[in-house]
Amino acid sequence: MDDQVVLRVSNLRVGFATEDHGMLVAVDGLSFDLRAGETLGLVGESGCGKSVTALSLLRLLPQPLGKILSGEILIKTKDGWEDIVRLPANQLSRIRGARISMIFQEPMTALNPVHTIGRQIFESFRLHFPEMSDKDILMKSLELLEDVGIPSPEKRIHEFPHQLSGGMRQRVVIAIALSADPDILVADEPTTALDVTIQAQILDLMLALQKKRGMSILLITHDLGVVAQMCQRTLVMYAGRLAEARDTRSLFKDPRHPYTKGLLHSIPRLGSVRKTLLPTIEGSVPALKDLLRGCRFQSRCPLVTERCREEIPEVQIKQDQNLACWNRGFHD
Ligand SMILES: Nc1ncnc2c1ncn2[C@@H]1O[C@H](COP(=O)(O)OP(=O)(O)OP(=O)(O)O)[C@@H](O)[C@H]1O
Ligand SMILES: [Mg+2]
């Protein structure tokens, strides 16, 4: 394996047990690598399986209905590779937080409203470093809050989440996620709930922290502008499957998959506050119970042929690039 790889997802299939339709597969055969120090974008419309992928990486799927059906999630640790899928439940706390950590879209739900900021950071340190003294934890907490740009942290630690602005809360959430110094940060729409100027500040902060700590980031977003600014490589998912994965620059310059093309056409113009997605791709992502055989994009694709209705597109691989389309290659 390439020694830059810190996380390898192979053939991941994730499903939800339902009463009416049996097991519905939300992520189907997804494979990708995350490398040391990189920011990898994960994009796709609502319902494409981005959050399900993210939750699977930490084995945080809603229980008892969510299930990893097959595949591997290999994570590099100092003792070699470990498969998160097969890790016994009592071993997960060793990985979560310390190796791979996650931040979510809505900072309020990630914080406990009845405890002070200080207590929540303190507890996170306590969990990961049980031998650390209270005094050291306090010092570390203040340092970390300073690192994430919270002014006067010694005052802020006595405050409750509702006393902070949305941007400050997301900074606290990031601090907690980083308290055990993870190698990998999964950020699921970390700025969607914030207004535009605060979004930019949080993204800058993530870049600065990444640089300082050398961690890898899997950044999930609807916003292709964010991807262009932040991500070296980008995965495009459609209805649970990979459509295209490339370095971001070539993806934007020369999108190969008809879905990627559609996504890029729909970038709102600068200054526009439009939040609606993808007006240029007719239709919407099919519900899991309505998935057809063959290519999942078939009903919306301008290039659809008979083969697309029959067979799942094979993933073409060229060096670092992946493309799943019967009608497009890397050269045409
Ligand atoms: N708890 C659940 N039970 C059943 N189906 C679910 C559950 N959670 C997600 N799904 C289904 O899995 C699919 C993928 O959902 P997911 O939340 O990963 O989408 P997403 O790409 O993160 O979308 P968004 O951009 O809206 O966050 C969807 O079809 C969704 O309906
Ligand atoms: Mg999501």
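Look up a bit, the structure's there.
To keep things clear, this report deals only with the structure shown in the data block.

What follows deals with the overall build of the protein. From N to C terminus, the protein includes 12 helices and 12 strands. Since a compact globule built from 332 residues should have a radius of gyration of about 20 Å, the 20 Å found for the protein is in line with a globular shape. Expressed along its principal axes, the backbone C-alpha trace of the protein runs to roughly 65 × 50 × 45 Å. Counting every position in the protein, which comprises 332 residues, the buried fraction comes to 51%. A separation threshold of at least 6 residues defines the contact pool for the protein, and within that pool the share at least 24 residues apart is 62%. Just so you have it, the protein exposes about 16100 Å², and 53% of that area is on carbon and sulfur atoms.

Further remarks concern the nonpolar core. Within the largest apolar cluster, 90 residues are counted, with the highest numbers of intra-cluster contacts made by Leu57, Ile73, Ile174, Val186, Met206 and Tyr259. With seven residues, helix 7 (residues 166–178) is the largest single contributor of residues to this core. Ignoring any residue separated from it by four or fewer positions in sequence, one finds Met206 in contact with Ile103, Ile174, Ala187, Pro190, Ile217, Leu219 and Met230.

One pass over the structure, following the stated rule, counts four aromatic pairs. Between Tyr238 and Phe297 the ring centres are 4.9 Å apart and the planes differ by 75°, which places this aromatic pair in the edge-to-face class. Taken as a pair, Tyr238 in strand 9 (residues 233–238) and Phe297 in the loop between helix 11 (258–265) and helix 12 (306–310) lie far apart in primary sequence, 59 residues in all. Given the relative accessible area of 3%, Tyr238 is considered buried. Here Phe297 falls in the buried class, since its relative accessible area comes to 2%. Site record: aromatic cluster; members linked through ring pairs are Tyr238, Tyr259 and Phe297.

Another point: the pairing of strand 5 (residues 80–83). Bridge analysis of strand 4 (residues 66–77) against strand 5 gives four bridges, and the strand direction is antiparallel. Bridge pairing in strand 5 links Ile75 to Glu82. The hairpin turn running from strand 4 into strand 5, its antiparallel successor, is two residues long.

Here the second largest pocket defines a volume of roughly 450 Å³. Surrounding the second largest pocket, 18 residues form its lining, Ser101, Met102, Phe104, Ile176 and Ala177 being those nearest its centre. Residue assignment for the lining of the second largest pocket shows that the elements contributing at least two residues are strand 6 (100–103), helix 4 (117–128) and helix 7. Looking at the lining of the second largest pocket residue by residue, the classes come out as 12 nonpolar, five polar and one charged.

A word on the side chain of Asp188. By the secondary structure assignment, Asp188 is in strand 7 (residues 184–188). Within polar-contact distance, the side chain of Asp188 engages the side chain of Ser51 at 2.6 Å. If we ignore the near neighbours within four places in the chain, the residues touching Asp188 are Ser51, Met102, Ile103, Phe104, Gln105 and Ile220.

For ligand 1, the set of nearby residues contains 13 residues, the closest of which are Ser46, Gly47, Lys50, Ser51 and Val52. Here an oxygen atom of ligand 1 and a side-chain polar atom of Ser46 are 2.4 Å apart. In this structure, Val52 approaches ligand 1 through a main-chain N or O atom, which is 2.9 Å from an oxygen atom. Bound to the protein, ligand 1 loses 67% of the 630 Å² it would expose on its own. It is helix 1 (residues 50–57) that contributes the most residues to the shell around ligand 1, three residues altogether. Counted by class, the shell around ligand 1 contains six nonpolar, five polar and two charged residues.

Bringing empty space enclosed by the protein into the picture now. According to the stated counting rule, one finds two cavities of 30 Å³ or more in the structure shown. Residue lining of the largest cavity: 13 residues in total, with Cys295, Cys301, Cys308, Cys325 and Asn327 positioned closest to the centre. Each residue belonging to the lining of the largest cavity can be placed in one class, and the counts come to 10 nonpolar, three polar and no charged.

The rules behind these values
Residues numbered from 1 in each chain as written. Chains lettered and ligands numbered in written order. Predicted model: local features only at pLDDT ≥ 70, side-chain atom pairs only at ≥ 80, totals over all residues. Heavy atoms only, no water. Helix = DSSP H or I, 4+ residues; strand = E, 2+ residues; numbered from the N terminus. Rg over C-alpha atoms; globule rule 2.2 N^0.38 Å. Buried < 20%, exposed > 50% of the residue type's maximum accessible area, 1.4 Å probe, protein only. Contact = heavy atoms within 4.5 Å. Areas by Shrake-Rupley, 256 points an atom, 1.4 Å probe, with all protein chains shown as cover. Core = buried A, V, L, I, M, F, W, Y, C linked by side-chain atoms within 4.5 Å. Phe/Tyr/Trp six-rings, centres within 6.5 Å; stacked < 30°, edge-to-face > 60°. Pairing = 2+ DSSP bridges. 1 Å grid on protein atoms, 1.4 Å probe; cavity = no way out; pocket = protein on both sides within 12 Å on 5 of 7 lines; lining within 4 Å. Points joined across faces, edges and corners; volume = space filled by probe spheres on them. Nonpolar A, V, L, I, M, F, W, Y, C, P; charged D, E, K, R; others polar. Polar contact = N/O pair within 3.5 Å; in protein donor to acceptor, adjacent residues only side chain to side chain. Near = heavy atom within 4 Å.

Just distances and angles here, no functional claims.
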